[in-house]
Amino acid sequence: MPRLDGDRPRRVHRYLVPVLRERLTAPPDPSGLTLPEIADDPDALTDWFARGAREPAQLLHELGPDTPVWTWSDEP
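Residues numbered from 1 in each chain as written. Predicted model: local features only at pLDDT ≥ 70, side-chain atom pairs only at ≥ 80, totals over all residues. Heavy atoms only, no water.

1. Some thoughts on the packing of aromatic side chains
Logical step 1: Under the definition given, this model contains two aromatic pairs.
Logical step 2: Ring centres of Trp48 and Phe49 lie 5.3 Å apart, and the angle between their planes is 80°; this geometry places the pair in the edge-to-face category.
Logical step 3: Given a relative accessible area of 3%, Trp48 falls into the buried group.
Logical step 4: When the centroid spacing of 5.0 Å and the interplanar angle of 55° are considered together, the rings of Trp70 and Trp72 count as tilted.
Logical step 5: Classification of Trp70 as buried rests on a relative accessible area of 14%. (Phe/Tyr/Trp six-rings, centres within 6.5 Å; stacked < 30°, edge-to-face > 60°. Buried < 20%, exposed > 50% of the residue type's maximum accessible area, 1.4 Å probe, protein only.)

2. Considerations on unusual backbone geometry
Outside of glycine, negative phi angles account for most residues, and trans bonds account for most peptide bonds.
Logical step 1: With a phi close to 50°, Arg23 is a non-glycine residue in the positive phi region.
Logical step 2: In this fold, Arg23 is placed in the loop between α1 (8-21) and α2 (42-63). (Helix = DSSP H or I, 4+ residues; strand = E, 2+ residues; numbered from the N terminus.)

Written out as structure tokens, the structure is:
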């Protein structure tokens, strides 16, 4: 399983976007990912998380539950 270096707990939702957008069925190459910088200010960080959550939520809605994409799960 690929690992996100450094700020992985704060960036996992951003890591998911290319998986959904490109409908990847294998893990993306982390070296090819460009992730937005994390806001330093606590108030800006809240907005950063909210903006980052909107895109995967919209993509999940558009794709629906039957579109196969890669996940960290071992279940099919």
